[in-house]
Amino acid sequence: MQKAMTIAYEVGENLYLNITNHCPCACTFCIRTMSDGAYGSDPLWLEHEPSLEEIRTALDAFDVAKYKEVVFCGFGEPTERLEVMRETARYLKARGVKCIRLNTNGLSDLIHGRSTAADLEGVVDVVSISLNAGTEEAYLDVTRPKFGAEAFPAMQRFAEDCKAYVPQVMLTVVDVLEPSELAAAKRLAEQLGIRLRIRKFDNAATRR
Ligand code: SF4
């Protein structure tokens with residue numbers, strides 16, 4: 001496993017941020033098990049979890065305002081470092097970034113032991129939550145969260161809560177799901193009143 005301090009990396013018109021390697025899941029399709037980077041980036045395994053100061057310094061090497069979106073993503077779950085993420089987002093907004101997206105597994109409430117959607121207010125413009133499956137059984141099989149059966153309902157609750165605090169909320173699945181699983185995901189998204197984005201499977205990227 002190659003390590004580096006790749007905190008920010010370009011993906012098309014966007015700038016992606018890698019602020020943590022911690023994650024409560026062990027997804028069967030996780031890019032971390034297949035590669036040391038994503039989209040041709042330098043290694044995304046971090047030598048250490050970057051401080052806010054290190055993140056700001058890394059961002060100062062980029063003209064952050066020119067990107068279509070700045071995306072919290074990377075080789076871990078960004079909400080593991082909720083406060084660092086919030087401070088980083090404030091820094092980005094102050095530097096003229098128009099759209100900040102959070103790509104998340106939606107388990108922030110379980111990570112922090114409290115409801116966390118309100119923490120995203122004024123911090124991110126878009127939250128994209130990995131639904132990954134349409135049924136609890138398939139979800140657990142694929143994501144293998146350390147929280148076990150609590151994870152699927154908690155992820156849905158977080159997604160619903162986000163609607164009150166984040167301008168744009170979406171759920172995502174990849175297009176390689178079985179048709180029945182995809183149909184179940186569509187029904188679930190409809191019940192939650194949240195748009196479902198069906199992504200093309202891309203093994204050069206993480207879940208997002
Ligand atoms: S795909 Fe994302 S949520 Fe799943 S294990 Fe990897 S980093 Fe964690």
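To start, this report covers the structure provided alongside it. Treat the numbers as computed from the prediction; the structure is a model and nothing was measured. (Residues numbered from 1 in each chain as written. Predicted model: local features only at pLDDT ≥ 70, side-chain atom pairs only at ≥ 80, totals over all residues. Heavy atoms only, no water.)

Regarding the sheet that holds strand β3 (residues 14–17)
Two orientations exist for strands paired in a sheet by backbone hydrogen bonds: parallel and antiparallel. Operational definition: Two strands make a pair as long as DSSP finds a minimum of two bridges between them. For helices the rule is a DSSP run of H or I covering at least 4 residues; for strands it is a run of E covering at least 2, with both sets numbered from the N terminus onward. Comment: axis = line fitted to C-alpha atoms, over the contacting stretch for helices; angle = value between 0 and 180 degrees taken between N-to-C directions.
Spatially, the seven strands line up as an open sheet ordered β2-β3-β5-β6-β7-β8-β9, and their pairing is mixed. Looking at which strands have only one partner, the edges of the open sheet turn out to be β2 (8–11) and β9 (195–199). In this sheet, neighbouring strand axes are inclined to one another by 30 degrees on average, regardless of whether the strands run parallel or antiparallel. Alignment of strand β5 (residues 70–72) against strand β6 (residues 100–104), held across three bridges, turns out to be parallel. Each residue of the ladder has a partner; that of Phe72, found in β6, is Leu102.

Here we look at the packing of aromatic side chains
Within a pair of aromatic rings, the relevant descriptors are the distance that separates the centres and the angle that separates the planes. The criterion, for reference: Each Phe, Tyr or Trp ring, with Trp reduced to its six-membered ring, pairs with another whose centre is within 6.5 Å; inter-plane angles below 30 degrees give stacked pairs, above 60 give edge-to-face pairs, and intermediate values give tilted ones. For every residue, the accessible area (1.4 Å probe, protein chains only) is compared with the maximum for its type, and the residue is labelled buried under 20%, exposed over 50%, or partly exposed between those bounds.
Evaluation of the coordinates by the stated rule reveals four aromatic pairs. Summarising the aromatic geometry, the rings of Tyr16 and Tyr39 are spaced 6.1 Å apart at their centres and angled 70 degrees between planes, so their arrangement reads as edge-to-face. Within this pair, whereas Tyr16 is found in strand β3, its partner Tyr39 is found in the loop between β3 and β4 (45–46), the two being separated by 23 residues in sequence. The class of Tyr16 is buried, set by a relative accessible area of 6%.

Looking at the pattern of salt bridges
For clarity, the threshold we go by: Any carboxyl oxygen of Asp or Glu that lies within 4 Å of a side-chain nitrogen of Lys or Arg is treated as forming a salt bridge with it.
The final tally for this structure, using the stated rule, is eight salt bridges. For Arg101, the salt bridge is made with Glu69, and the minimal N-O distance between the two is 2.9 Å. Highlighted residues: Arg101 in strand β6 and Glu69 in the loop between α1 (52–59) and β5, separated in sequence by 32 residues. There is no split in this pair, since Arg101 and Glu69 are both buried. In this structure, Asp125 and Lys93 form a salt bridge, with 2.7 Å as the shortest nitrogen-oxygen distance. Pair noted here: Asp125 is in the loop between α3 (108–112) and β7 (126–130) and Lys93 is in helix α2 (residues 82–94), with a separation of 32 residues, a long-range link.

Read these as geometric descriptors, not functional statements.
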